[in-house]
Amino acid sequence: MFENMESEKSILVASTVDGYMRGERVWEGPHAGRHASQNSRNLPLICRPWRLWHRATLCFAGPRKASWRRCILGAALIVIVVVIYSFSESSHRSLLSLVRGRPPESLFRCNNMGNTTLPHLRVPPKTLENKLREDPKVLLFTETRYSKTGKAITNILVANRIKYKMEVLGKSLPGLTNLSRGKYGTVVFENFERYLQIDPWNRELLDKYFRDYNVGLIGFMPSHEDTQNISLNGENPVLQLTRAGGTITDNLLGMAWTVFSPDDTTYVPIEWAYSSVPHYSEEKLITVVLDKGEFDGIQRVLFGGNLEFWLHRLLFLDAMSYLSMGRISISMDRYVLVDIDDIFVAKKGIRMTADDVMALLDSQKRLQEMVPGWKFNLGFSGKYYQNGYPEENIGDRKLLGWYENLYKVGSQEHVDDFWWFGHMWGHTQPHLLSPKDLEEQMELNKQFAMKHNIPTDSGYGVAPHHSGVYPVHEALYDVWKKVWNVRVTSSEEYPHLHPARLRRGFIHRNIMVLPRQTCGLFTHTIFIDQYPGGRNILDVSIHGGELFQTIVFSPVSIFMTHLSNYGNDRLALYTFESVIKFVKCWTNLNLRTVPPLQLGEKYFHLFPEERDPIWGYPCADHRHLEIWAKNKSCEQLPKFLVIGPQKTGTTALYTFLAMHSAIVANYPSPETFEEVQFFNGKNYYKGIDWYMKFFPVPANSSSKFLFEKSATYFEGETVPNRVKALLPHVITIIPPSKRAYSWYHHMRAHNDLTSLQYNFHEVITATDKAPRQLRTLRNKCLIPGMYAKHIERWLDFFPASQVTIIDGEELRNDPIYIMNDLQKFLNIEPFYNYTEHLRFDKRKGFFCQVIEEDKTKCLGRGKGRIYPAMNESDAKLLKEYYQPYNIALEKLLTRLDYPVPGWLEDELQ
Ligand SMILES: Nc1ncnc2c1ncn2[C@@H]1O[C@H](COP(=O)(O)OS(=O)(=O)O)[C@@H](OP(=O)(O)O)[C@H]1O
């Protein structure tokens, strides 16, 4: 094979030079080679040595034999030009041969690949009555929030999307009062000693929980001693752990590791892992042991140390699966797709030659043997086709199959060997183009694809530098759909580049955005001996390190690589063949590759909760800012929100705020009663560009406080999380409990049929058997008044310092005091003295805006309606209904250092 490639290479060099000698673009069509070489004047620099060589040959064989002096001079010139050229272009490539060093080969040899039938995940026995709840969590006891092993554990849990609850112990021992019934599938002690130190009463409680729910324990031994004697009953030690092995009862029937020692401990496999994998030279081996629970009926997996060694991380996952009877298990399927971006884009000298293309194809075949369906996914920018050195231009053509099928147009075999997607015609970032230019560029790339028989129906697209995918540039989504019918893309930037394990997907306007991973190779990491930090860094990543763990911990991985990683030292081939081999050797995972569209569907089938995006604040991440259109500014986003709930005086607050010269309210939305209502409901899916249109474009000099009020935000389940990601501040206000009554009359005033059909009493006393519309009305009437519950949800996302709670009754009765106070909370300048601008209007019965000396402007008829007072029995009923919520509210306000409103005291009497 190697010999064939060599001979092929020499032919290719000759063909290229010949093509350029003709002064044409070579191999554009089947008959391109037929013209005689007439036009050799305007040769590119690269071909000059060839001309000199041609001259030199005349010394010996030409019709006009030159003098010997001229010949020697000519020869010397050739040598000088070649040497200078070779060195000036690249220290790694020489002009005539483009010969490079040998690409690296995998150092790792797997002893058992393909020879072992690996044990599979232990499924919960069907006969056993398993009392664990569905969707159990892990309960993790850590020493501090930042302890090393604790962090390693949470990183693994987060990467695998395993739910957990963390209890930071500090100096105390575990409080077991909040052990929810059957909720935890496994309990993990970052320091196993803490478990042993629990007082007998609490220990019995915890052990009972383990037994009742068939839950096991994972513990890590602190590393201060080499030998630990573990006594489970406080008397005779039943386990002796040493950091060089274990005197243990059994080993795990896990899913991830493949070799079991003959004497039933993990010592041998771990020793083998340490010794067979390059780069790991630990002095002491840490073993993992299983206590089968024969002593007290509780199964425990104990790690003799931390999780630094890669194999232990797999064992940890296995242990959780085993101890939770399979409930906390991750799937065994892993989908891996490798994108090669920048096809045709790389600069001269670091592009792929024909040899590189053959190596890519050979590697693809080898990968297919390990991973069914493996195909590289090529993203091209047609503008740079044939833009390299001659040998590289042959590489370009070879990717498309032109060379071998010179006389068979339309049968470009290599085109079909790969999957293809459009990158961008000139590799320009979409946010830098006008929508019209963007469309033109995409059209050009598509025309290019059609001309070269590249398939255009993959439904996948990738934007250069991820620009426009996230933060979303709507024009990109529009044009992608229009020109390419793109339905799936990928980005490293959502929600942020770092940390990589937290990258997630979302769907926007029916385009699936998948998280993309880096494999440690970038456009300029192309030679193994120049790998940043040394080759060892890449090799560690492959052999159990970051890259290996990315594949193991994410069911779907799309890797980003570039054309240059497949030329030069072909580092991408080395990297992927090595890591796939390593994964196959050490795990039972089923590796697969499917085309991007299928991959997208798979991803959101696995993680449906990720479909909905959470729009982040673009200015908090400098990378996002760089790929956000220059005409956009975070100054066009509100600085705070008035979030409701409805009927608590929010319109009065909104109006009074907007009176301030430094505060600017949103433009009214005609669709939703003037409120924007972005963070709840469907508007959120329109994206932040849509949202920003409700606010004035900031003038350079102004530092206005933009805000909006949507009374529907308060009780929306998803709202606090969405607001937190986008806006730095939020305020909320609190109304009296009679808001339910006000809301009911508001609905009647808006001719809501159900509220007209049923009286207030019928609404608030409707049971769950009542007609659906009545139940909906009842819920909307009553649920927002459970203030404590909703405010607690907001406080899960915001520090209390970013939330202010305003007493709605006070706002109504003394708005001047409230507004002056609020200005201080929001740090708004200049100070606006509301004393001069608000006045009580006797006719309206409320405070109104002072327009002139003797003139006020009040809120419209819809605010401060006149309706009969609530009857006493309903008031009593509601008082009882809201009592537990009001008690919780009183506690909450006291905790947050707010005065308890008078109306709340009344309610609680
Ligand atoms: N200054 C002033 N003028 C008029 N109304 C005032 C004022 N301050 C507070 N309120 C009370 O605000 C209640 C309406 O609340 P909202 O504006 O939040 O209602 S809405 O959700 O926007 O429909 C409204 O409720 P109703 O009395 O039931 O109409 C008022 O009691």
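As a convention, each chain's residues are numbered from 1 in the sequence order in which they are written. Thresholds applied to this predicted model are a pLDDT of at least 70 for local features of residues and 80 or more for the giving and counting of side-chain atom pairs; totals over whole chains, interfaces and linings are not thresholded and use all residues. Values shown for side chains rest on all heavy atoms present in the structure; no hydrogens or waters enter the calculation.

- Under the annotation held in an unreviewed UniProt entry, the protein chain carries the name [heparan sulfate]-glucosamine N-sulfotransferase and is attributed to Homarus americanus.
- A UniProt comment under Subcellular location (unreviewed entry) is attached to the protein chain, and it reads "Golgi apparatus membrane".
- The Sequence similarities (unreviewed entry) comment attached to the protein chain in UniProt states, word for word, "Belongs to the sulfotransferase 1 family. NDST subfamily." UniProt positions are given in the numbering used here, feature names are shortened, and annotations may be inferred rather than shown by experiment.

### A word on the layout of surface pockets
Unfilled space is identified by rolling a water-sized probe across the atoms.
Here comes step 1: In this analysis, the protein atoms alone were mapped onto a 1 Å grid. Cavities are point sets where a 1.4 Å probe fits without being able to get out; pockets are open sets with protein on both sides within 12 Å along at least five of seven lines; lining residues have an atom within 4 Å of a point. Grid points are joined across faces, edges and corners, and a volume is the space filled by probe spheres set on the points. Approximately 1400 Å³ is the volume attributed to the second largest pocket.
Here comes step 2: Together, 39 residues line the second largest pocket, and R161, K163, R504, E609 and E610 are the ones closest to its centre.
Here comes step 3: Strands are runs of DSSP state E lasting at least 2 residues, helices are runs of H or I lasting at least 4, and numbering of each runs from the N terminus. Broken down by element, the lining of the second largest pocket gets its largest block of residues, three residues, from helix α21 (residues 719-726).
Here comes step 4: Residues were grouped as follows: Ala, Val, Leu, Ile, Met, Phe, Trp, Tyr, Cys and Pro as nonpolar; Asp, Glu, Lys and Arg as charged; and all remaining residues, including Gly, as polar. Taken together, the residues of the lining of the second largest pocket break down into 19 nonpolar, nine polar and 11 charged.

### Looking at the UniProt feature "binding site: 3'-phosphoadenylyl sulfate" (unreviewed entry) in the protein chain
Here comes step 1: UniProt records the feature "binding site: 3'-phosphoadenylyl sulfate" (unreviewed entry) for S742, K863, G864, R865, I866 and Y867 in the present numbering. Considering the C-alpha atoms alone, the annotated residues occupy 126 residues of sequence yet fold into one spot, their largest mutual distance being 11.6 Å.
Here comes step 2: Take I866: it is sitting in the loop between β25 (855-857) and α29 (872-895).
Here comes step 3: Note on exposure labels: buried denotes an accessible area under 20% of the residue type's maximum, exposed denotes more than 50%, and partly exposed covers the range between, all computed with a 1.4 Å probe on protein chains only. Taking relative accessible area as the criterion, I866 reaches 85% and is therefore assigned exposed.
Here comes step 4: The residue Y867 is located in the loop between β25 and α29 in this model.
Here comes step 5: When checking whether two residues touch, look at their non-hydrogen atoms; a contact exists if any pair is within 4.5 Å. Discounting residues that sit within four places of it in the chain, Y867 has contacts with Y741, S742 and H745.

### Quick notes on the sheet that holds β25
What holds strands together in a sheet is hydrogen bonding between their backbones, with the strands either parallel or antiparallel.
Here comes step 1: Spatial strand order, β23-β24-β25: three strands in an open sheet with antiparallel pairing. Looking at strand neighbours, the two that pair on one side only are β23 (838-841) and β25, the edges of this open sheet. Sheet twist, expressed as the mean angle between neighbouring strand axes with direction ignored, is 60°.
Here comes step 2: Pairing between strands requires that DSSP locate at least two bridges from one strand to the other. Summarising the sheet, β23 and strand β24 (residues 846-852) pair through four bridges and their orientation is antiparallel. What sits directly across from R839, in β24, is C848. Geometry is summarised by axes, namely lines fitted to C-alpha atoms with helices restricted to the contacting stretch, and by angles between N-to-C directions that run from 0 to 180 degrees.

### Describing the packing of aromatic side chains
Here comes step 1: Two rings belonging to Phe, Tyr or Trp (six-membered ring only in the last case) form a pair when the distance between their centres is within 6.5 Å. Interplanar angles under 30 degrees mark stacking, angles over 60 mark edge-to-face geometry, and anything in between is tilted. Enumeration according to the criterion identifies 57 aromatic pairs in this entry.
Here comes step 2: When the centroid spacing of 5.1 Å and the interplanar angle of 50° are considered together, the rings of F678 and Y684 count as tilted. With respect to burial, F678 and Y684 carry one shared label: buried.

### Details of the site of the ligand
Here comes step 1: When we say a residue is near a molecule or strand, we mean one of its heavy atoms is within 4 Å of it. Looking at the ligand, there are 20 residues lining it, with T650, T651, S742, G864 and Y867 nearest.
Here comes step 2: At a separation of 3.0 Å, an oxygen atom of the ligand approaches a polar backbone atom of K647.
Here comes step 3: When the free accessible area of the ligand is taken as 640 Å², the share hidden by the protein chains comes to 94%.
Here comes step 4: Looking at the shell around the ligand, the elements that each hand over two or more residues are α19 (650-658), α22 (739-749) and β24.
Here comes step 5: Of the residues forming the shell around the ligand, the biggest block, four residues, is contributed by α19.
Here comes step 6: Residues belonging to the shell around the ligand are distributed by class as follows: seven nonpolar, eight polar and five charged. Pairing of N or O atoms within 3.5 Å defines a polar contact, subject to two protein rules: one partner must be a possible hydrogen donor and the other a possible acceptor, and residues neighboring in sequence count only if both atoms are side-chain atoms. The Shrake-Rupley method, run with a 1.4 Å probe sphere, supplies the accessible areas, and residue values consider only the shown protein chains as cover.

### Things to note about α22
Here comes step 1: Buried residues dominate α22, accounting for nine of its 11 residues.
Here comes step 2: Within α22, burial applies to R739, A740, Y741, S742, W743, Y744, H745, H746 and M747.
Here comes step 3: Taken together, the buried residues of α22 touch α23 (753-757), α24 (760-764), α25 (772-782), α26 (787-797) and α29.

### Description of the sheet that holds strand β20 (residues 705-709)
Here comes step 1: With respect to topology, three strands assemble into an open sheet ordered β18-β20-β19, the strand pairing being parallel. What marks the edges here is a single partner per strand, and that holds for β18 (640-642) and β19 (663-665). Adjacent strand axes in the sheet meet at a mean angle of 35°, parallel and antiparallel pairs treated alike.
Here comes step 2: Of the strands in this sheet, β18, β19 and β20 are in contact with α19, which crosses β20 at around 165°.

### Brief notes about the pattern of salt bridges
Here comes step 1: Whenever Lys or Arg places a side-chain nitrogen within 4 Å of a carboxyl oxygen from Asp or Glu, that contact is recorded as a salt bridge. Tallied over the entire structure, the rule returns 28 salt bridges.
Here comes step 2: When the shortest N-O distance is used, the salt bridge between E439 and K482 registers 2.9 Å. You can see E439 sitting in helix α12 (residues 435-451) and its partner K482 sitting in helix α13 (residues 474-484), a full 43 residues away along the chain.
Here comes step 3: You can call E439 partly exposed: its relative accessible area is 25%.
Here comes step 4: A salt bridge links R509 to E474; the shortest N-O distance between them is 2.6 Å. With a gap of 35 residues between them, R509 in the loop between β14 (506-508) and β15 (511-518) and E474 in helix α13 connect regions that are remote in the sequence.
Here comes step 5: Classification of E474 as buried rests on a relative accessible area of 13%.
Here comes step 6: Members of the salt-bridge network, linked through shared partners, are R161, R504 and E610.

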